[in-house]
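This is what each chain is made of:
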Amino acid sequence: MDGGGIRGILPLRLIEYIQSTIAEYNSDIDPSSWVDVYAATSTGTIISGALMMKNEFGETKHAPKEIMNVYLRRGEQFFAKAPQHLTSSSQYPLNFMLEYFFGSTKLSDLDKHFMFFSYDLNEDEPYFFNDSMSHLNEMPLAKMMSACCAFPGVFPPLKMGHRLLADGILATKNPAKMAYDYARMFYPEDPIILISLGTGVEESLIKDVYELESNKTNDALEALTDQDKNLIYFRFQPNIITASNDLSDASRENAKKLLDDTNSYIDKHKSKFDQLFRFMKIKVEQY
């Protein structure tokens, strides 16, 4: 999942659509259980972490629609800009909301492979969290999310030892290629279906530095499908038409427009989704 603040509504709606379609084939299936590796930047980290959580019965705790409703109803609180005088990450709204929703959950509680991106301002280099880093097992999930979502000028960075961690979008907006490389470490010979979910693009920002990087990642993966016959790659990137291109515009009005733009994208790209659903049907038939 890409980064993009309140635009996390877009991948959430895409996931909801994919899962609801699979439920039409077999309502007993939990499609989240099919995911082997999660990778995300920024707001995608919050969504991925929520989707990975389990209840006391080992079932998926948060449905995509439930998470999306939180973004729609409480996005203004979630992504409210911190007052200028605050320097402690424990005081600003995003951190408070993350602690409220994710409580005592630790990285060791996540039972999937994952790779989440942050950026170390002190070292001026990308920093990532993954399930292979056993020394971080006891780290609270909410703290890790804060480290991946602290966009400079909006939220203060998170201090972790000698590191000063900021929004992972500074490292990569689209983590799909690194997600693929990480997955290949665990599944070197297996067929992989890689689903890359964007947070929207507005026509005037096509040449934005983050979008250029994102497009290069997409181009690289499309080229890779010609080399790796065990890679099946899908990129779903809605167009921003009616919503604001401001990643921090978390007003309810704009959140609704983001949802409308995503629904328009789904309606116009049914054939592309149908390609994915053909593979999903095979999985359902094996269930």
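Residues numbered from 1 in each chain as written. Predicted model: local features only at pLDDT ≥ 70, side-chain atom pairs only at ≥ 80, totals over all residues. Heavy atoms only, no water.

1. So, the pattern of salt bridges
For step 1, the next point in the chain: All told, the structure shown has 10 salt bridges when counted by the stated rule.
For step 2, the next point in the chain: Here K177 and D181 are joined by a salt bridge, their closest N and O atoms 2.9 Å apart. Residue K177 and its partner D181 are both found in helix α6 (residues 176–186); the two are separated by four residues, about one turn of the helix.
For step 3, the next point in the chain: Judged by its relative accessible area of 28%, K177 is partly exposed.
For step 4, the next point in the chain: Across the pair K257 and E253 runs a salt bridge whose closest N-O atoms are separated by 3.6 Å. Highlighted residues: K257 and E253, both in helix α8 (residues 252–268), separated by four residues, approximately one helical turn. (Salt bridge = Lys/Arg side-chain N within 4 Å of Asp/Glu carboxyl O. Helix = DSSP H or I, 4+ residues; strand = E, 2+ residues; numbered from the N terminus. Buried < 20%, exposed > 50% of the residue type's maximum accessible area, 1.4 Å probe, protein only.)

2. Let's talk about the nonpolar core
For step 1, the next point in the chain: Judged by nonpolar contacts, the single largest core of 68 residues is most densely connected at I46, Y71, F102, F129, M144 and F273.
For step 2, the next point in the chain: Apart from residues no more than four positions distant in its own chain, M144 is found in contact with T45, L107, F116, F129 and M139.
For step 3, the next point in the chain: Formed by nine residues, the second largest nonpolar core is a distinct cluster that contains A183, L194, L231 and Y233. (Core = buried A, V, L, I, M, F, W, Y, C linked by side-chain atoms within 4.5 Å. Contact = heavy atoms within 4.5 Å.)

3. Some points on the side chain of D228
For step 1, the next point in the chain: Here D228 lies in the loop between α7 (209–227) and β7 (231–236).
For step 2, the next point in the chain: For D228, a relative accessible area of 14% translates into the label buried.
For step 3, the next point in the chain: Among residues more than four places away in sequence, those in contact with D228 are Y180 and R184.

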